[in-house]
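As a plain string of letters, each chain reads:
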Amino acid sequence: MVTKPPPSATALFSVSIGSSDPIYKQLVDQVRRLVAGGQLAAGDELPSVRDVARALVVNPMTVSKAYSQLETAGVLERRRGIGMAVAAQHSHAKKKADRIDLLRPTLERAATESAQLEIDTQSALDLFEKILKAKK
Amino acid sequence: MSQPILEMKSVCKSYTGKSALNGIDLSLTSGQVIGILGRNGAGKSTMLECALGLREIDAGQIKLFGESPAALSEASRARIGYVPQQNDLFEWLTAKQMLAYFRAFYTHWNDSKVAALMDRWSIPGDRVIAKLSGGEKQRLAIIRALGHDPQLLILDEPVASLDPAGRRDFLRELIERTIEQETTVVFSTHILSDLERVALEVAIMKDGKIALQQPLDTLAECARRLIGPTTVMNAQHFVGELSRTEDAAGHVNVVVIVGNHDSGQLEQLQAQGVIVEPVGLEDLFIEVTR
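These numbers come from a predicted model, not from an experiment.

What counts, and at which threshold
Residues numbered from 1 in each chain as written. Chains lettered and ligands numbered in written order. Predicted model: local features only at pLDDT ≥ 70, side-chain atom pairs only at ≥ 80, totals over all residues. Axes fitted to C-alpha atoms, helices over the stretch in contact; angles between N-to-C directions. Helix = DSSP H or I, 4+ residues; strand = E, 2+ residues; numbered from the N terminus. Parallel < 35°, antiparallel > 145°, perpendicular 65-115°, else oblique. Left-handed = near helix turned anticlockwise from the far one by under 90°. Contact = placed C-beta atoms within 7 Å. Buried ≥ 20, exposed ≤ 12 C-beta atoms within 10 Å, placed from the backbone. Nonpolar A, V, L, I, M, F, W, Y, C, P; charged D, E, K, R; others polar. pLDDT = per-residue confidence, 0-100. Pairing = 2+ DSSP bridges.

Engineer: Is there a simple way to think about the packing of helix H2 (residues 23-37) of chain A against helix H4 (residues 60-72) of chain A in this case?
Structural biologist: A pair of packed helices is captured by two measures, namely the crossing angle of their axes and the spacing between those axes. Residues and elements named next belong to chain A. Contact geometry of H2 with H4 gives a least axis separation of 8 Å together with a crossing angle of 45 degrees. Of the possible angle classes, the one that applies to H2 and H4 is oblique. Every pair of crossing elements has a handedness; the one defined by H2 and H4 is right-handed. Here H2 contributes Ile23, Tyr24, Leu27, Val28 and Val31 to the contact with H4, which in turn contributes Thr62, Val63, Lys65, Ala66, Gln69 and Leu70.

See below:
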């Protein structure tokens, strides 16, 4: 059996420094989103703590904390000799409603900033639509 | 629990009558990575120098690897790496000669690591140190401090004269070959983004004291700014209150480290129109050192 090599850390993760979200939480949220969206499937291996820490230039303890939380939450499981992999019960991408829930916190932040900038609803939606199309 | 690597208790120090440290309490365990923040003159360098036994203290107690820093054993000395803020490198020697000189002091010296860093950080080894640039001198001081694979690394503004690319190289080295080895790292800095990347904990100094010391994750999760009308806010006080200011428009601005017990209180306040928002490290620094 050929096992798929883990994706590179920089392809999976990005951290924003100076954000009010702690770095470990940013990593947790990113893994949850990738699993929910199906980009990471059950059994897929994650890059090692060391590789992620080196690639993102963050403390390995921070990466380790994120992986442990995901393990406790049942999203990841520790495989002997391999490292972390996506847990079996996450074999299917989540239902659309669940995926939308994961997007909510980011959109709520955007909504707050939009209100602070006194941008009307339609202009904010237009901008979001434009950004979505550019990513397609 | 293993013994602390460094322990400072009620440490005081003054220079010609002017107080520099005013009761420092700090305890570091193995593998801790702590960033020290503070405005210029807050006592950061003095604290690090006292911890290393480079300055006598007026009062209090310091234990470094369980010993008094003033009478440190050779074995403990060999476990410490230090990069001072002022580079006191031997200006008349070449970089290679200087490293050879320091190599002789230690029973263990990591030749391959030193050679790799000299190469990677492009330090001209045969040039006299006086002719090196500020950034090169700083990188050389870091290489010197890492050469004997110390268990405690103390860095006093290690990146002040490095450009962003140089800082990133330094952080990467710190992560790959120092933090991964469970080395305890203490570094003072003014660059918050560097601190957020590598430190697990932050201590903010003010007037010779540690005004705030917390894990970075705790601060991100628990530091909050509350803004509300005077009438509501003046009746509210919090255990973890860091600052409180009032503006001309009748709004009170409180920065607080929220504990579990506060969540009910916060919800009530939000219902009364108080805005609760997270506070980034930079704003926290401004509030604490105000």
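Engineer: Just to check I follow, could you spell out the environment of Leu152(B) for this structure?
Structural biologist: Along the chain, the position of Leu152(B) falls in strand S6 (residues 152-156). Each C-alpha atom, one on Leu152(B) and one on Ser30(B), is 8.3 Å from the other, the two residues being 122 residues apart in sequence.

Engineer: Help me understand unusual backbone geometry, please; the structure alone is not making it clear to me.
Structural biologist: Among all residues except glycine, the phi angle is most often negative; among peptide bonds, the trans geometry is most common. Residue and element names in this part refer to chain B. The phi angle at Ser10 is positive, at roughly 45 degrees, despite the residue not being glycine. Topologically, Ser10 is positioned in strand S1 (residues 6-15). Residue classification places Ser10 among the partly exposed residues on the basis of 13 C-beta atoms within 10 Å.

Engineer: Sorry, what's going on with the interface of chain B and chain A here?
Structural biologist: Across the boundary between the two partners, chain B contributes 19 residues, which contact 14 residues of chain A. For the side of chain B that touches chain A, the leading source of residues is helix H6 (residues 164-178) of chain B, giving five residues. When its residues are assigned to classes, the side of chain B that touches chain A shows nine nonpolar, two polar and eight charged.

Engineer: What is the right way to read the confidence of the model for chain B from this model?
Structural biologist: Predicted coordinates in areas of low pLDDT are best not read in detail. Model confidence for chain B is summarised by a mean pLDDT of 91, while 98% of its residues fall at 70 or above. Among the scores for the predicted complex, ipTM is 0.85 and pTM is 0.84.

Engineer: I tried to follow the sheet that holds strand S5 (residues 80-83) of chain B on my own but got confused; where do I start?
Structural biologist: Note: strands within a sheet are paired through backbone hydrogen bonds, in either parallel or antiparallel orientation. Residues and elements named next belong to chain B. Taken in spatial order, the six strands of this open sheet run S5-S6-S7-S3-S8-S9, and their pairing is mixed. In this open sheet, the two strands that pair with only one neighbour each are S5 and strand S9 (209-215). Ignoring strand direction, the axes of neighbouring strands in this sheet form an average angle of 15 degrees. Across five bridges, the pairing between S6 and strand S7 (residues 184-188) is parallel. Each residue of the ladder has a partner; that of Asp156, found in S7, is Ser188. Strands strand S3 (33-38), strand S8 (201-206) and S9 of the sheet are contacted by helix H11 (residues 281-289), whose axis makes an angle of about 30 degrees with S8.

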